[in-house]
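Listed here are the chains, written in short residue letters.
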Amino acid sequence: MNPICRNLLLAFLLLPGGCVRSNFNLATQREEFTLTSTEREVEAGRVIARRVEEDLGLVADESLQRRVREIGDKLAAVCDRRELVYSFGVVSDEEVNAFSLPGGYVFVNEGLVKKASSDDELAGVIAHEIAHITARHAVKRYESGIGMQLLQLATLVGRQSTVAKGLSVAAQAAQLAYARQDELEADRLAVKYLRAAGFNAAAMLTFLEKLHGLDRKKLRYLPRHIVRPQYALTHPFVPERVRAVKEALFGVADYIDYLNSPD
Ligand SMILES: [Zn+2]
């Protein structure tokens, strides 16, 4: 960790509420230690979310926003961290992607909404993003020092500084990739939330396979520097994710999925 990162981490964690606390996480079903209070987490998410909205812009189509909000509200009502106030927004971006921020902020790109052929498919993506928040994946990443990006973003935005190297805050927030185990945990939790909210959880599989095919098609036909495989970039390990979802849905995965899995 370089000195600047270390100082940012200290500045972030030593703010009011920055003491070690133990907490039973309902999502992960584990006793977890954290340095970040929920208030601090919500504040960091709120600051970055505001910047995302400024940078990318929310889609003006109110019916589209309402559709995503209504699906999100149903899932938030049954998720493992109901004490948070969740917000759902569709951002003006044609890339097929979605992302969440700590504290309850979920964003879906317009491009992804268009790709989803049903509310169930859209709900699968939103449930996965909610699960990253309920399991506190982003918070754990910056507390462990592995992923400093969110912390840096929060500090930079908080100080109203310009972001280095011309990368917008929104672009950086949208490109945070989680670890493999976080992705698989988010998928398993997503299945649970989808079922509890009355959605067809199997739609996660069709949408994952659709997105996987999309990324592969882009990679096959276009030079990598022209089109980045966005969903593959922020949500890798698709064959393993398909297997995790199948296990959560049916209790067992197809033999072929084991063969396709790298480990
Ligand atoms: Zn994810």
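Residues numbered from 1 in each chain as written. Predicted model: local features only at pLDDT ≥ 70, side-chain atom pairs only at ≥ 80, totals over all residues.

Enquirer: Help me understand the overall build of the chain in this model?
Expert: Scanning the chain from terminus to terminus reveals 13 helices and 5 strands. Within the span of the chain, comprising 263 residues, buried residues form 40% of the whole. A separation of at least 24 residues holds for 67% of the contacts in the chain among residues at least 6 apart in sequence. (Helix = DSSP H or I, 4+ residues; strand = E, 2+ residues; numbered from the N terminus. Buried ≥ 20, exposed ≤ 12 C-beta atoms within 10 Å, placed from the backbone. Contact = placed C-beta atoms within 7 Å.)

Enquirer: Even after reading the chapter, I still don't get the nonpolar core, so can you show me in this structure?
Expert: Considering soluble globular proteins, one finds that nonpolar side chains tend to be buried as a cluster. Formed by 53 residues in total, the largest nonpolar core has its most connected members in Leu75, Ile126, Ile130 and Tyr193. With residues near it in sequence (within four places) discarded, leucine 75 still touches Ala123, Ile126, Ala127, Ile130, Tyr193 and Ala197. (Core = buried A, V, L, I, M, F, W, Y, C linked by C-beta atoms within 7 Å.)

Enquirer: Mind showing me how you'd approach the sheet that holds strand 5 (residues 105-109) here?
Expert: Hydrogen bonding along the main chain pairs the strands of a sheet, whether they run parallel or antiparallel. If you trace the 3 strands from one edge of the open sheet to the other, you get 3-5-4, paired in mixed fashion. Unpaired on one side and paired on the other, strand 3 (87-91) and strand 4 (98-101) mark the two borders of the sheet. Along the sheet, successive strands turn relative to each other by an average axial angle of 20°, direction set aside. Relative to strand 5, strand 3 is paired through 5 bridges, and the arrangement is parallel. (Pairing = 2+ DSSP bridges. Axes fitted to C-alpha atoms, helices over the stretch in contact; angles between N-to-C directions.)

Enquirer: Got a minute to help me understand the packing of helix 9 (residues 180-196) against helix 12 (residues 238-250) in this structure?
Expert: How two helices sit against one another is set out by the angle between their axes and by the gap between those axes. Interaxial distance between helix 9 and helix 12 falls to 9 Å at its minimum, and their mutual angle equals 35°. Of the two elements, helix 9 crosses helix 12, and the hand of that crossing is right-handed. Between helix 9, through Arg180, Glu183, Leu184, Asp187, Arg188 and Val191, and helix 12, the contact on the second element is made entirely by Glu240, Arg241, Ala244, Val245, Ala248 and Leu249. Of the residues in the contact of helix 9 with helix 12, the class split is 6 nonpolar, no polar and 6 charged. (Left-handed = near helix turned anticlockwise from the far one by under 90°. Nonpolar A, V, L, I, M, F, W, Y, C, P; charged D, E, K, R; others polar.)

Enquirer: I tried to follow helix 3 (residues 62-76) on my own but got confused; where do I start?
Expert: Since the α-helix packs 3.6 residues into each turn, any two residues three or four apart lie on the same face. Here helix 3 contains 15 residues, and its C-alpha end-to-end distance of 20 Å stays within 8% of the 21 Å for a straight helix at 1.5 Å per residue. Among the residues of helix 3, Val68, Ile71, Gly72, Lys74, Leu75 and Ala76 are the ones counted as buried. On its buried side, helix 3 packs onto strand 3, strand 5, helix 4 (110-115), helix 5 (119-134) and helix 9. (Expected span 1.5 Å × (residues − 1).)

Enquirer: Can you walk me through unusual backbone geometry in this structure?
Expert: Across the chain, the bulk of peptide bonds are trans and the bulk of non-glycine residues have phi less than zero. Here glutamine 29, not a glycine, exhibits a phi torsion of approximately 60°, which is positive. Topologically, glutamine 29 is positioned in the loop between strand 1 (21-25) and strand 2 (30-34). Judged by C-beta crowding, with 8 C-beta atoms within 10 Å, glutamine 29 ranks as exposed.

Enquirer: Would you mind going over the packing of helix 5 against helix 9 with me for this structure?
Expert: Running from amino to carboxyl end, helix 5 crosses helix 9 at an angle of 120°, the nearest separation of the two axes being 8 Å. Crossing hand, helix 5 versus helix 9: right-handed. Only Asp182, Ala186, Asp187, Leu189, Ala190, Tyr193 and Leu194 of helix 9 make contact with helix 5, whose side of the interface consists of Ala123, Gly124, Ala127, His128, Ile130, Ala131, His132 and Thr134. Residue composition of the contact of helix 5 with helix 9, by class: 9 nonpolar, 4 polar and 2 charged.

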